[in-house]
Amino acid sequence: MCRIMRWLRILSDPMQAQKALCHISAVGFSVKPLAIGARAFGSLHNRTALPGTKRCNSTGTVYSGRHTVTLIPGDGVGAEIASSVKTLFKALNVPVDFEQFDISGHNASDAGLVQEALNSIKRNKVALKGILYTPTEKLGHISFNGVIRKDLDIYASVASIANMQGEFQTRHKNVDFVIVRENTEGEYAGLEHSPIPGVVESLKVVTKAKSERIAKFAFDFALKNGRKTVTCIHKANIMKLGDGLFLNTCREISKLYESSGIKFNDMIVDNAAMQMSSKPQQFDVIVAGNLYGNILGNIGAALIGGPGIVPGVNIGTDYAVFEPGCRHVGADIQGTNTANPTSLIMCSVNLLRHIGLEDYANRIAASVIKVVSESRVLTPDLGGSNTTTDFTLAVMENLNCSVLFLKDLHLDF
């Protein structure tokens, strides 16, 4: 009852309500009020606002101050890194209860379980998800990852590609860009058929409506987060209709943001791959179709230390599914206790900020950054020799460190 009365007082006080919707300044970043319906998306280094939606959304299922969140550990190392997240949440007494669905892309029979998970996400509004295996065989089932994204219409995939401070080698320094990827059409539409034996037609679907939607999302993201440039990635010199539509739509949307000072440019995808490999610092916000965004996201991950440190989110009007930004199951190291759990831990940080549990999010984020920056406990992907368990325990030991450590690192998303 006391907790209910406290929240009633907060909501009845405009000043307190406004504070509840603001970025906190304790970590050394600017205080910006978030509009009702906006979502908070945290990077490895600080908090970043996602564009608001058309209508106010519930934060999901909440009972007695505890949030219910759908959890899909995924294939490969998914169970191991999800265990790290659950261990940290338990150590910090985070008021989150997981509805866990042990789906595997190796089992076509799990299609029914996928539907149960979808129903859970629709109730809870948010999910934490690992990567599900997708078979390459002709008779293999369709991608469960794709089914989830399309069914929920979580159309925007956002991945943060940014260097973490630490004593480990990376191919480039001062990398800090975001990839906004259209999730629901393009080459991943899944529309293929064989009109005659030996001939296959695969349809790439591009629509103006969805191109416009993802372009607006990218520009809104840039505007809310102080980003200066949006780069459209395409192959319109060859695919003049499909990619031409995407490019021209992005150009049209860019004109709506000219007064905000956000610059717009475009780049052919093969040139973008070369430019990203040689001079990634030139990129700020990238907007791309499904396939191009996927490829560039993998290149970006390789530049900063690998998929183990790239967080991401798939987000739409009603739902948000937080999963690693670089989609690898890690089957080759499954069961070895050597996976880097940073990406999924930071996805859970983003999720906590999304549902308003800022203090817990800041403490976990500060601890992860402290462990990585000190570089005494690192997994093999970052040049260390420690286990997943070692890293998790090191993060636990630092959970009480000050959130001001985020400021001391002078990092920005």
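A few points on the structure. As the structure is a computational prediction, the values presented were derived from the model and not from experiment. In every chain, residue numbers begin from 1 and rise along the written sequence. Given that the model is predicted, a residue must reach a pLDDT of at least 70 before its local features are reported, and side-chain atom pairs must reach 80 or more before they are shown or counted; all residues, however, enter totals for whole chains, interfaces and linings. Side-chain calculation: all heavy atoms of the structure are included, whereas hydrogens and water are not.

### Some remarks on the overall build of the protein
A run of DSSP states H or I qualifies as a helix once it reaches four residues; a run of E qualifies as a strand once it reaches two. Both are numbered from the N-terminal end. Of the regular secondary structure elements, the protein holds 13 helices and 15 strands. Only protein chains enter the accessibility calculation, which uses a 1.4 Å probe; a residue whose area is less than 20% of its type maximum is buried, one above 50% is exposed, and one in between is partly exposed. Here the protein holds 413 residues, and the buried ones make up 54% of them. Every residue pair with non-hydrogen atoms within 4.5 Å of one another is taken to be in contact. For the protein, long-range pairs separated by at least 24 residues make up 74% of all intrachain contacts whose partners lie at least 6 apart in sequence.

### Things to note about helix α4 (residues 111–124)
With 14 residues, α4 extends 20 Å between its outermost C-alpha atoms, agreeing within 8% with the 20 Å of an ideal straight helix rising 1.5 Å per residue. Here α4 has its buried residues at V114, A117, L118, S120, I121 and N124. Each buried residue of α4 lies within a common arc of 160 degrees when the element is viewed along its axis, so the set occupies one face. Its buried side turned inward, α4 meets β3 (61–63), β4 (66–72), β5 (96–100), β6 (126–129), α5 (144–152) and β15 (320–322). Immediately beyond the C-terminal end of α4, within one or two residues, lies K125, with a positive phi of roughly 75 degrees. Expected span of a helix, by definition, is 1.5 Å for each gap between consecutive residues, and there is one gap fewer than residues. Arc definition: it is the arc formed by the directions from the helix axis to the C-beta atoms.

### Focus: the packing of aromatic side chains
Side-chain rings of Phe, Tyr and Trp (the six-membered ring for Trp) are treated as a pair once their centres are within 6.5 Å; stacked means planes under 30 degrees apart, edge-to-face means over 60, and tilted covers the remaining angles. Under the counting rule described, the total for this entry stands at five aromatic pairs. Summarising the aromatic geometry, the rings of Y155 and F217 are spaced 6.0 Å apart at their centres and angled 85 degrees between planes, so their arrangement reads as edge-to-face. Taken together, the residues Y155 in the loop between α5 and β7 (156–162) and F217 in helix α6 (residues 208–224) connect sequence positions 62 residues apart. On the basis of relative accessible area, Y155 is assigned to the buried category, the value being 11%. Aromatic ring contacts, followed pair by pair, group F219, Y257 and F264 into a single cluster. Geometrically, a lysine NZ or arginine CZ counts as sitting over a ring once it is within 6 Å of the ring centre and also within 35 degrees of the ring normal. The ring of Y155 has R213 sitting right over it, with the charged end atom 3.9 Å from the ring centre.

### Points about helix α9 (residues 290–304)
Here α9 spans 22 Å end to end across 15 residues, near enough to the 21 Å set by a 1.5 Å rise per residue. When we look at burial in α9, the residues that qualify are N290, Y292, G293, L296, G297, G300, A301, L303 and I304. Each buried residue of α9 lies within a common arc of 165 degrees when the element is viewed along its axis, so the set occupies one face. Count one or two residues on from α9 and you reach G305, which has phi positive near 130 degrees.

### Some words on the packing of helix α10 (residues 342–354) against helix α11 (residues 358–374)
A fitted line through C-alpha atoms serves as each axis, taken over the contacting stretch for helices, and the angle formed by two N-to-C directions is quoted from 0 to 180°. Contact geometry for α10 and α11: axes closest at 8 Å, N-to-C directions at 155 degrees. Relative to α11, the element α10 lies roughly antiparallel. Viewed along their axes, α10 and α11 form a crossing whose handedness is left-handed. Here T342, I345, M346, V349, L352 and R353 of α10 lie close against α11, whose contacting residues are E358, Y360, A361, N362, I364, A365, V368 and V372. Each residue belonging to the contact of α10 with α11 can be placed in one class, and the counts come to 10 nonpolar, two polar and two charged. Angular relationships are summarised with four words: roughly parallel below 35 degrees, roughly antiparallel beyond 145, roughly perpendicular across 65 to 115, and oblique for the angles in between. For a crossing to be left-handed, the near helix must be turned anticlockwise from the far one by less than a right angle; the clockwise case is right-handed. Under this grouping Gly is polar, as are all residues other than the nonpolar Ala, Val, Leu, Ile, Met, Phe, Trp, Tyr, Cys and Pro and the charged Asp, Glu, Lys and Arg.

### Remarks on the environment of P380
Structurally, P380 can be placed in the loop between α11 and α12 (388–397). For P380 and T338, which are 42 residues apart along the polypeptide, the C-alpha to C-alpha distance reads 6.7 Å. The residues touching P380, leaving out its near neighbours within four places in the chain, are T338 and N386.

### Notes on unusual backbone geometry
In this model, N174 sits at a positive phi of 60 degrees, which is unusual for a non-glycine residue. Structurally, N174 can be placed in the loop between β7 and β8 (176–182). The phi torsion at S375 lies on the positive side, around 60 degrees, for a residue other than glycine. With respect to the helices and strands, the residue S375 is situated in the loop between α11 and α12.

### Brief notes about the pairing of strand β10 (residues 199–205)
Looking at chain direction, strand β9 (residues 186–196) and β10 are connected through five bridges and run antiparallel. Within the sheet, the bridge partner assigned to L191 lies in β10 and is L203. Strands qualify as paired when DSSP identifies two bridges or more between them.

### Concerning the side chain of N290
Relative to the helices and strands, N290 is located in helix α9. Residue classification places N290 among the buried residues on the basis of a relative accessible area of 2%. Here a polar contact means two N or O atoms within 3.5 Å. Within protein one must be a hydrogen donor candidate and the other an acceptor candidate, and residues neighboring in sequence count only if both atoms are side-chain atoms. Polar contacts involving the side chain of N290 include one to the side chain of R181, which spans 2.7 Å. Here the side chain of N290 touches E182 through a polar contact of 3.5 Å, landing on its backbone oxygen.

### Overview of the environment of I214
Mapped onto the elements of the fold, I214 is located in helix α6. Taking the C-alpha atoms as reference, I214 lies 8.9 Å from G289; in sequence the two are 75 residues apart.

### Quick notes on the pairing of strand β12 (residues 263–268)
Sheet faces and side chains relate simply in a regular strand, where the side chains alternate between the two faces. Relative to β12, strand β11 (residues 229–234) runs parallel, the two being bridged by six bridges. When the sheet's bridge partners are listed, T229 is paired in β12 with K263.

### Points about the pattern of salt bridges
Salt bridges, as used here, are contacts in which a Lys or Arg side-chain nitrogen is within 4 Å of a carboxyl oxygen on Asp or Glu. All chains considered together, the criterion is met by 16 salt bridges. With a closest N to O distance of 2.7 Å, E374 and K370 form a salt bridge. Taken together, the positions of E374 and K370, both in helix α11 and four residues apart, correspond to about one turn of that helix. For E374, a relative accessible area of 29% corresponds to the partly exposed category. For K370, a relative accessible area of 17% gives the class buried. In this structure, a network of salt bridges that share partners links the residues K129, R149 and E323.

Scope: geometric values only; no functional claims are made or implied.
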